[in-house]
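Chain and residue survey
Chain by chain, the residues run as shown.
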Amino acid sequence: MPFFPFIYYLCIVKKQTNNNCRTKNLHSRHIMFPKEIYINRRQKLSKALDGGFLLFIGNRNAAFNYPSNEYAFRQDSTFLYLFGIDEPDFAAVIADGETTIYADDVTMDDIIWMGPQKSVADKAAEAGISHTKRRNDIATDVAKAIRSGRAVHFIPPYRGETIIELSELTGIPTANVKQSYSAELVKALVALRSQKEPCEIEELERHQTIGYNMHVTAMKMAAEGRTEKEIHAAIDYQSMLGGGSVAFPTICSVSGQTLHNHTYNNILRNGQMLLVDAGSDSPLHYATDHTRTTPVGGRFTQKQKEIYQIVLNANNAVADNSKPGVRYLDMHLLAARTIADGLISLGIMKGTAEEAVSRGAHALFFPHGIGHMMGLDVHDMENYNEDLVGYDEKTKRSSQFGLSSLRLGRELKPGFVVTDEPGIYFIPELIDKWQAEGLFKDIINYDILKQYRSFGGIRLEDDLLVTDSGCRILGKRIPITIEEVEALH
Ligand code: GLY
Ligand code: MN
């Protein structure tokens, strides 16, 4: 299906509050799907919550260090999903089959600072909405709904100002707002957003090119004397070239055993490996999320090759077996058994992979989940409630160390987009703790493990689209086999 027509326009806003200039959404490019997409989504949601009063607060700009110096604006993903309007200070209500947008038109001061832009009515029309009101009118309308005994449904807020506004609108004390969200609304949104529409898959797939460029750039730069800082800058630059900021802070480190390492202070040395976990936020705010681990200088040592191949086997096993009806929990366990098998073959673990995994011993090396949903958010819908997104009546979250970090356990369905990201890490502090506590002495060969103490970590991550009969890797696969990675140098 062709992706166009899009509604492209430059949205340039600057607000002046009293005599204090406040920049708003500097030079953002506002792109939307055709309005029918949003109309259809809202109709489905209205149907699921028949008679409900659904309240949505879009994001505001967030001050960086003073009010007129702001972080790059990122709209709330639920707001983008339902209304497509990628600008601060909007709110919306869906009730009685009608959508109302609450926002204020820009003033002459705004135009002087930031240039002209479309009216609220025009922006709403592009999402198929004809009903708009002033931003403050939302208070009157919510109060009226509450007076008439209607339940006001909202999603869990994750920003302080949204919590305060919801508290003021509903009368719920700020401390109770987060847990007063509507599980009914969340479940309906999860049901809609989990299975990606063709237009979403196109956007996700289109942006994979940028993810590819980010990683291949970094892999080629992994050479003796280069710095993590310059490679980090080159990765983020590729994302910006693709029209978006990064989808999450880039991980670019020779200390890959730290799962989310956000420091960039090292100089690369031969013998090390560079782990890069990076993704880009597309112009329509759909994410990419990949991880590659490259030997500095482009040649794996024998030891690195052996561990790398085990991680790759786990990654491939998940891609080969993921399909509708399969629980992602079982794909996690498959990856865990593949890792345990490999470590047994190297003498680092003993016994059988089945026993090691059922008791949780493999989590010393693989302490995170195999993957998560991906879409408008890199961890899609994680602002709702992780268990309502990733688990259900049939699949409950485990409390076992490692497995408890699995964000998505339930059955896969066609249209799910998930990450496949196994890893093996040698975390000296965790090894020392387990050894001191005598944990799994019958499974872990702590003597042989000593040789891997400064090994670091390897993670390999692809993005999978679940199809009717199986799954496929989104986009062109970033070089991943040992031969492909070494051939980049
Ligand atoms: N790519 C970062 C994460 O999945 O947590
Ligand atoms: Mn990920």
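Residues numbered from 1 in each chain as written. Chains lettered and ligands numbered in written order. Predicted model: local features only at pLDDT ≥ 70, side-chain atom pairs only at ≥ 80, totals over all residues. Heavy atoms only, no water.

So, the overall build of the protein chain
The helix and strand tally for the protein chain stands at 17 helices and 17 strands. Counting every position in the protein chain, which comprises 489 residues, the buried fraction comes to 56%. For the protein chain, the proportion of contacts with a sequence separation of at least 24, taken over those separated by at least 6, is 73%. Total accessible area on the protein chain stands at roughly 20,200 Å², and carbon and sulfur atoms take up 52% of it. Side-chain charges in the protein chain split into 53 positive and 61 negative, and the spacing between the mean points of these groups amounts to 1 Å. (Helix = DSSP H or I, 4+ residues; strand = E, 2+ residues; numbered from the N terminus. Buried < 20%, exposed > 50% of the residue type's maximum accessible area, 1.4 Å probe, protein only. Contact = heavy atoms within 4.5 Å. Areas by Shrake-Rupley, 256 points an atom, 1.4 Å probe, with all protein chains shown as cover. Lys, Arg positive; Asp, Glu negative; His and termini not counted. Charge placed at Lys NZ, Arg CZ, Asp CG, Glu CD.)

Considerations on the sheet that holds strand 3 (residues 53-57)
The 5 strands lie next to each other as 8-7-6-3-9, forming an open sheet whose pairing is mixed. The open sheet terminates on both sides in strands that have one partner only, identified here as strand 8 (131-133) and strand 9 (152-153). Note that strand 3 and strand 6 (residues 91-95) share 5 bridges and pair antiparallel. Bridge pairing in strand 6 links Ile-57 to Ala-91. (Pairing = 2+ DSSP bridges.)

Here we look at the pairing of strand 12 (residues 290-295)
Looking along a regular strand, one sees the side chains alternate between the two faces of the sheet. Among the 6 residues in strand 12, 6 count as buried, and that is most of the element. What you see with strand 12 is no split at all: His-290, Arg-292 and Thr-294 on one side and Thr-291, Thr-293 and Pro-295 on the other are buried throughout. Bridging between strand 11 (residues 273-278) and strand 12 involves 6 bridges; their strand directions are antiparallel. Looking at strand 12, one finds that Asp-277 is bridged to Thr-291.

A word on the packing of aromatic side chains
Under the definition given, this model contains 12 aromatic pairs. Where Phe-33 meets Tyr-38, the ring centres are 6.3 Å apart and the plane angle is 35 degrees; that geometry is what we call tilted. In this pair, the class of Phe-33 matches that of Tyr-38, namely buried. An aromatic cluster is defined as three or more aromatic residues linked by ring pairs; in this entry it consists of Phe-365, Phe-426, Tyr-452 and Phe-455. One cation-aromatic arrangement involves Arg-41 over Tyr-81; the distance from NZ or CZ to the ring centre is 4.0 Å. Its guanidinium or amino end placed over the ring of Tyr-452, Lys-303 lies 4.7 Å from that ring's centre, counting from NZ or CZ. (Phe/Tyr/Trp six-rings, centres within 6.5 Å; stacked < 30°, edge-to-face > 60°. Lys NZ or Arg CZ within 6 Å of the ring centre and 35° of its normal.)

Side note on the coordination of the manganese ion (ligand 2)
Looking at the manganese ion (ligand 2), the protein donor atoms are Asp-289 (OD), His-372 (NE2), Glu-421 (OE) and Glu-461 (OE), and they sit 2.1 to 2.3 Å from it. Mapped onto the sequence, the donors of the manganese ion (ligand 2) take the spacing D-x82-H-x48-E-x39-E. With His-372 in the loop between helix 13 (353-359) and helix 14 (386-390) and Glu-421 in the loop between strand 13 (417-420) and strand 14 (423-425), this pair connects stretches of sequence that are 49 residues apart. Classification of His-372 as buried rests on a relative accessible area of 5%. (Donors = N, O, S within 2.8 Å, 3.2 Å for Na, K, Ca; no water.)

Brief notes about the packing of helix 11 (residues 302-321) against helix 12 (residues 328-345)
For any two helices packed against each other, the geometry comes down to the angle between their axes and how far apart the axes lie. One can describe the packing of helix 11 onto helix 12 by two numbers: an axis separation of 9 Å at closest approach and a directional angle of 155 degrees. Of the possible angle classes, the one that applies to helix 11 and helix 12 is roughly antiparallel. Relative to helix 12, the crossing made by helix 11 is right-handed. Contact with helix 11, carried on its side by Ile-307, Ile-310, Asn-313, Ala-314, Ala-317, Val-318 and Asn-321, involves Tyr-328, Met-331, Leu-334, Ala-335, Thr-338, Ile-339, Gly-342 and Leu-343 of helix 12 and no other residues of that element. When the residues that make up the contact of helix 11 with helix 12 are grouped by side-chain class, the tally is 11 nonpolar, 4 polar and no charged. (Axes fitted to C-alpha atoms, helices over the stretch in contact; angles between N-to-C directions. Parallel < 35°, antiparallel > 145°, perpendicular 65-115°, else oblique. Left-handed = near helix turned anticlockwise from the far one by under 90°. Nonpolar A, V, L, I, M, F, W, Y, C, P; charged D, E, K, R; others polar.)

Some details on the pattern of salt bridges
Taken as a whole and assessed by the stated rule, the structure comprises 33 salt bridges. In this structure, Arg-226 and Glu-230 form a salt bridge, with 2.8 Å as the shortest nitrogen-oxygen distance. Lys-450 is the salt-bridge partner of Asp-447, the closest N and O atoms lying 3.1 Å from each other. (Salt bridge = Lys/Arg side-chain N within 4 Å of Asp/Glu carboxyl O.)

Focus on the confidence of the model for the protein chain
On average, residues of the protein chain carry a pLDDT of 93, and 94% of them reach 70 or more. A low-confidence stretch, residues 1-29 stays under pLDDT 50, and its non-local contacts, those more than four residues away or across chains, total 92 contacts. (pLDDT = per-residue confidence, 0-100.)

Observations concerning the packing of helix 9 (residues 198-221) against helix 10 (residues 228-241)
Between helix 9 and helix 10, the shortest axis-to-axis distance is 8 Å and the interhelical angle comes to 160 degrees. Classified by the interaxial angle, the pair formed by helix 9 and helix 10 is roughly antiparallel. By crossing handedness, the relation of helix 9 to helix 10 is classed as right-handed. On the side of helix 9, the interface is formed by Ile-210, Asn-213, Met-214, Thr-217, Ala-218 and Met-221, while helix 10 contributes Glu-230, Ile-231, Ala-234, Ile-235, Gln-238 and Ser-239. Residue classes in the contact of helix 9 with helix 10 are distributed as 7 nonpolar, 4 polar and 1 charged.

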